[in-house]
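A structural walkthrough
Spelled out, the chains give:
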Amino acid sequence: QVRLVESGGGLVQPGGSLRLSCAASGSIFRLYDMGWYRQAPGKQRELVATITNGGTTTYGDSVKGRFAISRDNANNTVYVQITSLQPEDTAVYYCYVDLATGIPVRPSRYWGQGTQVTVSS
């Protein structure tokens, strides 16, 4: 069984910064892509950022230049550093991890429970 635990969300003023973390634990044989999505009230879930096992990153258009994704494979953890936060960044942020739990290798996507980020003065 695999579990993803997110942390780092909260209330922050416009212009502020946060770092979200997502740690995977359990029966992890091999990691693949990791990333973040977000969902604001009344809106569809949108891509924030992804990072491959080799370190290649992809960002959603609305966060480019302000968000930085990274990963620590030794600790099965993915991070996103968020700077210059704006009220429109308010959303629940969900991490995901693509991983295989054993042999045969069959990657599956696992999701975190979500962490609230609220940007307000």
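So, how was this worked out
- Residues numbered from 1 in each chain as written.
- Predicted model: local features only at pLDDT ≥ 70, side-chain atom pairs only at ≥ 80, totals over all residues.
- Heavy atoms only, no water.
- Core = buried A, V, L, I, M, F, W, Y, C linked by side-chain atoms within 4.5 Å.
- Buried < 20%, exposed > 50% of the residue type's maximum accessible area, 1.4 Å probe, protein only.
- Helix = DSSP H or I, 4+ residues; strand = E, 2+ residues; numbered from the N terminus.
- Disulfide = S-S within 2.5 Å.
- Contact = heavy atoms within 4.5 Å.
- Polar contact = N/O pair within 3.5 Å; in protein donor to acceptor, adjacent residues only side chain to side chain.
- Salt bridge = Lys/Arg side-chain N within 4 Å of Asp/Glu carboxyl O.

On to the nonpolar core, then. Among the nonpolar cores identified, the biggest contains 28 residues, and Trp36, Val78 and Tyr93 are the most heavily contacted of them. Elements supplying a minimum of two residues to this core: strand 1 (2-7), strand 3 (18-26), strand 4 (30-39), strand 5 (46-51), strand 7 (67-72), strand 8 (77-82), strand 9 (91-100) and strand 11 (115-119). Counting residues per element, this core draws most heavily on strand 9, which supplies 5 residues.

This structure, assessed with the given rule, holds 1 disulfide. Shown here is the disulfide that connects Cys22 with Cys95, its sulfur atoms set 2.0 Å apart. Taking the torsion about the S-S bond as the criterion, the Cys22 to Cys95 disulfide, at about 55°, is right-handed. Pair noted here: Cys22 is in strand 3 and Cys95 is in strand 9, with a separation of 73 residues, a long-range link. Like Cys95, Cys22 is buried.

This part takes up the environment of Glu46. Structurally, Glu46 is set in strand 5. Exposure remark for Glu46: the relative accessible area of 31% places this residue in the partly exposed category. Sequence separation between Glu46 and Tyr93 is 47 residues, and the spatial gap between their C-alpha atoms is 9.6 Å. If we skip the residues at most four places from it in the chain, Glu46 touches Tyr37, Arg38 and Ser62. Reaching out from Glu46, the side chain makes a polar contact with the side chain of Arg38 at a distance of 2.6 Å.

Our focus in this paragraph is the environment of Leu20. For Leu20, the position within the fold is in strand 3. Residue classification places Leu20 among the buried residues on the basis of a relative accessible area of 0%. For the pair Leu20 and Gln1, spaced 19 residues apart in sequence, the C-alpha separation works out to 23 Å. Sequence-distant contacts of Leu20, that is, excluding residues within four places in its chain, are made with Ser7, Gly8, Gly9, Trp36, Val78, Tyr79, Val80, Ile82, Tyr93, Thr115 and Val117.

In this section: the pattern of salt bridges. For the structure shown, the criterion picks out 5 salt bridges. For Glu46, the salt bridge goes to Arg38, with nearest N and O atoms at 2.6 Å. Its salt-bridge partner being Asp98, residue Arg109 comes within 2.7 Å of it at the nearest N-O pair. Of this pair, Arg109 sits in strand 10 (residues 108-111) while Asp98 is found in strand 9, placing the two residues 11 residues apart along the sequence. Its relative accessible area of 39% is what places Arg109 among the partly exposed residues. Here Asp98 falls in the buried class, since its relative accessible area comes to 11%. When salt bridges that share partners are traced, they join Arg38, Glu46, Arg66 and Asp89 into one network.

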